Each structure stands twice: as structure tokens, then as C-alpha cells.
Amino acid sequence: MTNSSIQPALFTLLVYQQNQENQQDLLQLLQLFQQQFPCKILWMVLGQGSGTIPTSPHWEVLQGEDNRWQELFLRVLPRLIPDLPIYVFCGDDPCRSQPLWAELEKLADRVLVDSQWAARFQPFCSLMQKWEKRPSHPPCIDLNWVRISGWRQLLAETFDSRERLEQLATSQRLTLYYQSTDMAKTIVKPGLARQAFYLQAWLAYKLGWHHSPNASFLYEALNSAHAVDLEIHYQGPKQEIKVVLSPAHIEEASAGEVVEIKVSGEGGYVSQMTRMAGDCVRVYSANQDQCSIPFTLQLSTLRSTKRVMQELFYQKPHPDYPFVLEQIRSHQP
């Protein structure tokens, strides 16, 4: 046992892990959480793999066999700190049925999942909808949704007038570029386009876009291990809109992060938001008659600001999220 029990803690974080493929990502996230919000972490590992987790004063690792998960659960209970909120974090695909995860959910004041680790995105969204509809359910937060919090804020700040909002709503093409490789420039795992897909679904919901009757949608691209272009068609109030999710690469961005947004419409209108070094975003817009002076905004990320972490750990679930899930579900043929 480590000395984590004597560390100051704002809450207890129960981390469930069975699939070892996500271990490095999970390790980086827990270190990031600890930097922002000190917490008592109980890291539960089913099966082999706990030996590869580095020791730390910030967490205690508990290991058990798959068929003896009850023993692991009973070991957790006396380690909980009375009166501290209990957050449960699934370090695996939440769509995988496992009795231990079901029991941990019953203890939770808040449930954290990551759609980046779901093998298939559509079943994940269906599961989140199911959780949303449960009576008296604890808040359930997807890290990928929280990761686009900064972009949602910047879009609201950029299109902050009736005229600008109308230009966005009546645009003809929207392109979202997402990071196709990690900062080590290695091949990354499936699901790279999911943050960008969340963001365009949120925009479609807010702007009243509906799926075109002739729309074609590449469902498997959201589960692909390859960085591919993904094309979605909508019907706007006056026009058809083509949305393209396209892979790109910049420095200082993690795999799957949105790195650029381009909007174009009638009269030569174009607006471009480009991520720069230091989590800055350069905003530029123009039409056939005039162009604006470019300006820079700061992008909030999990790494750069506590505001995003607040949404993850303390704020109520975003009110738009259930409608975005419904928007995604309506893509199904």
C-alpha cells in the first residue's frame, strides 16, 4: 500500500481497468487530474497488468482476477473515505459488460468515461442515451465531449452577433480538421475523428441543420484506425451544407484534437479558426467586399486550464449533450 491515504483529497476516484491497451493514456490522464485536483485514487485492475503501473504516492493499485472480481470490490469498500464524493472512471470501453463496473457505478456520485476508448462509437452514444434516461442517475461525463469545450466557447465568442451567426447558419461548407497523429508522430488508435464529429453535431443542433434526405454517412470511419476524410450532408434553413472532417497534423496537439475550422458560404464568405502554438487560435474572416483584421483567442484544454477540468469534475452535465446524442443517433440508417 502506498501512503495515498494520508494525502489531501477533494474526492475519491475509483479507476476501473481491464483492457491494458489504454494504460499509457490512462496514466497520463490520472497525472493530469492530480495536478489540477488532488484526489485519492484507487486503481483497480482486473487480470494481469498491474505490474506495469508505476508506483506513486497518489494512487493505490488493487489487482484481482476476472472471475474473482467480488473480492476486489470488497477490498475497495474499507478504503473509501467517509463524506468524500466518489467518482468512478472507466479506463476501458464502457460498452463492455463487466459485473465489477456495474457495482462500482452504484457507489458513484459521478461517472467518467472516454468515448476515445470505445470500440464502436454508435453503440457508445446509445449507451450514453440510456444512462441519461435512468431515474436518479449520477452525472455521466464523456472526456471527449469535455475536450471540445474550448472550441464550443471560441465558436460562441467568434460568432457573437446576429450577422455573424447568420453567416454561420447559412454557410455552405464546414471543414473541421483533426490531429491525425500524436505528438510523438506515431500511428494512433481508432476513433480519431470523434471529437470533430461531436463538434459538428453540436453545431448542427444549435443551428437547426437537419440531415439531407440524400445524405451518405461513413459510419465505420468513426471506428477506423486510419485517419480518413468523413463527409456529412445537412439541409439548412435556405441551403444544403457539406460538412467535412479531415485529418491534419500540427505540433503540440494530441491525437484526435480539433486543430482548425473553416466556414465558407455565399458572396465569397470565409471564416477560418486555426490553432497555433501555445493553445492560441488565430481567427480570420472575409467576403468578396472586405476582410477583417485577424485576431487571436486562447483555447481552453484539459492541459491548459482548470475551467475545462471544472466541467469534467464539478459542473452539471452540459444541457446540450442529450440533444447532441440524439443528433448523432439520427445519423443511423
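See the structure above.
The rules behind each value
Residues numbered from 1 in each chain as written. Predicted model: local features only at pLDDT ≥ 70, side-chain atom pairs only at ≥ 80, totals over all residues. Heavy atoms only, no water. Helix = DSSP H or I, 4+ residues; strand = E, 2+ residues; numbered from the N terminus. Buried < 20%, exposed > 50% of the residue type's maximum accessible area, 1.4 Å probe, protein only. Contact = heavy atoms within 4.5 Å. Areas by Shrake-Rupley, 256 points an atom, 1.4 Å probe, with all protein chains shown as cover. Axes fitted to C-alpha atoms, helices over the stretch in contact; angles between N-to-C directions. Parallel < 35°, antiparallel > 145°, perpendicular 65-115°, else oblique. Nonpolar A, V, L, I, M, F, W, Y, C, P; charged D, E, K, R; others polar. Pairing = 2+ DSSP bridges. Phe/Tyr/Trp six-rings, centres within 6.5 Å; stacked < 30°, edge-to-face > 60°. Lys NZ or Arg CZ within 6 Å of the ring centre and 35° of its normal. 1 Å grid on protein atoms, 1.4 Å probe; cavity = no way out; pocket = protein on both sides within 12 Å on 5 of 7 lines; lining within 4 Å. Points joined across faces, edges and corners; volume = space filled by probe spheres on them. Salt bridge = Lys/Arg side-chain N within 4 Å of Asp/Glu carboxyl O. Lys, Arg positive; Asp, Glu negative; His and termini not counted. Polar contact = N/O pair within 3.5 Å; in protein donor to acceptor, adjacent residues only side chain to side chain.

Colleague: How should the overall build of the protein chain be read in this particular structure?
Modeller: Within the protein chain one finds ten helices and 14 strands. Relative to its 333 residues, the protein chain shows a buried fraction of 51%. For the protein chain, the proportion of contacts with a sequence separation of at least 24, taken over those separated by at least 6, is 70%. Accessible surface computed for the protein chain: about 15300 Å², of which carbon and sulfur atoms make up 52%.

Colleague: Before we go on, may I ask you to explain the packing of helix α1 (residues 23-36) against helix α9 (residues 306-313) in this structure?
Modeller: Closest axis-to-axis distance for the α1/α9 pair is 11 Å, and the angle between their directions is 105°. In terms of orientation, α1 lies roughly perpendicular with respect to α9. Between α1 and α9, the contacting residues are L32, F33 and Q36 on the first element and K306, M309, L312 and F313 on the second. Among the residues forming the contact of α1 with α9, the class breakdown is five nonpolar, one polar and one charged.

Colleague: Help me understand the sheet that holds strand β2 (residues 40-46), please; the structure alone is not making it clear to me.
Modeller: Strand pairing in a sheet is mediated by backbone hydrogen bonds. Such pairs are either parallel or antiparallel. Strand order in the open sheet formed by six strands is β3-β2-β1-β4-β5-β6, and the pairing between neighbours is parallel. Where the open sheet ends on each side, the last strands, each with one partner, are β3 (59-64) and β6 (140-142). The average angle at which neighbouring strand axes cross in this sheet is 20°, direction not considered. With five bridges connecting them, strand β1 (residues 12-17) and strand β4 (residues 86-90) associate as parallel partners. In the strand pairing of β4, V15 is matched with F89. Strand contacts of α9: β4, β5 (110-113) and β6, with the helix running at about 115° to β5, the strand carrying the most contacts.

Colleague: Just to check I follow, could you spell out the packing of aromatic side chains for this structure?
Modeller: The relation between two aromatic rings is expressed through the spacing of the ring centres and the mutual angle of the planes. Enumeration over the complete set of coordinates arrives at 19 aromatic pairs. Among the aromatic residues, ring-to-ring pairing joins F11, F33, F37, Y87, F89, W117, F313 and Y314 into one connected group. Across from the ring centre of W145, 4.1 Å away, lies the NZ or CZ of R152, which sits over that ring. When the ring centre of F37 is taken as origin, the NZ or CZ atom of K306, which lies over that ring, is 5.4 Å away.

Colleague: What am I meant to see in the pairing of strand β13 (residues 280-286) here?
Modeller: As a general feature of sheets, a regular strand has side chains that alternate between the two faces. Of the strand pairs in this sheet, strand β12 (residues 270-275) and β13 are connected by six bridges, and their pairing is antiparallel. Bridged to M273 within β13 is V283. Taken together, β12 and the strand that follows it, β13, pair antiparallel across an intervening segment of four residues, in which G278 is found at a positive phi of about 70°. Two strands pair when backbone bridges link them, and β13 and strand β14 (residues 295-298) are joined in this way by four bridges, in the antiparallel orientation.

Colleague: How should I be thinking about the layout of surface pockets in this particular structure?
Modeller: A water-sized probe rolled over the atoms picks out the places where empty space is left. By volume, the second largest pocket amounts to about 290 Å³. Residue assignment for the lining of the second largest pocket shows that the elements contributing at least two residues are α7 (162-169) and β13.

Colleague: Would you take a moment to explain empty space enclosed by the protein for this structure?
Modeller: Summed over all chains, the structure comprises two cavities of 30 Å³ or more. Roughly 60 Å³ of internal volume is contained in the largest cavity. Forming the boundary of the largest cavity are E132, C140, I141, D142, W145, E311, K316, P317, H318 and Y321. Split by residue class, the lining of the largest cavity holds five nonpolar, one polar and four charged. The wall of the second largest cavity is formed by R147, W151, Q195, E257, V258, R275, L299, S300 and T301.

Colleague: When you look at the sheet that holds strand β9 (residues 230-235) in this model, what are you seeing that I'm missing?
Modeller: If you trace the eight strands from one edge of the open sheet to the other, you get β8-β9-β10-β7-β11-β12-β13-β14, paired in mixed fashion. Both outer strands of the open sheet, β8 (210-211) and β14, are each paired with one neighbouring strand and no more. Bridge analysis of β9 against strand β10 (residues 240-248) gives six bridges, and the strand direction is antiparallel. Looking at the pairing, L230 lines up with L245 of β10.

Colleague: Please explain the pattern of salt bridges as it appears in this structure.
Modeller: It is possible for side chains bearing opposite charge to pair when their charged atoms get close. Applying the stated rule across the entire model yields 13 salt bridges. Among the ionic pairs, E257 bridges to R275, the shortest N-O distance being 3.1 Å. Of this pair, E257 sits in the loop between β10 and β11 (258-264) while R275 is found in strand β12, placing the two residues 18 residues apart along the sequence. Taken as a pair, E257 and R275 share a single burial class, namely buried.

Colleague: Would you take a moment to explain the side chain of D142 for this structure?
Modeller: Relative to the helices and strands, D142 is located in strand β6. One buried charged side chain, D142, makes no salt bridge at all; its nearest oppositely charged neighbour is R147, positioned 5.7 Å away. Reaching out from D142, the side chain makes a polar contact with the side chain of Y198 at a distance of 2.7 Å. D142 has contacts with V113, D114, S115, F124, M128, Y198 and Y321, leaving out every residue within four places of it along the chain.

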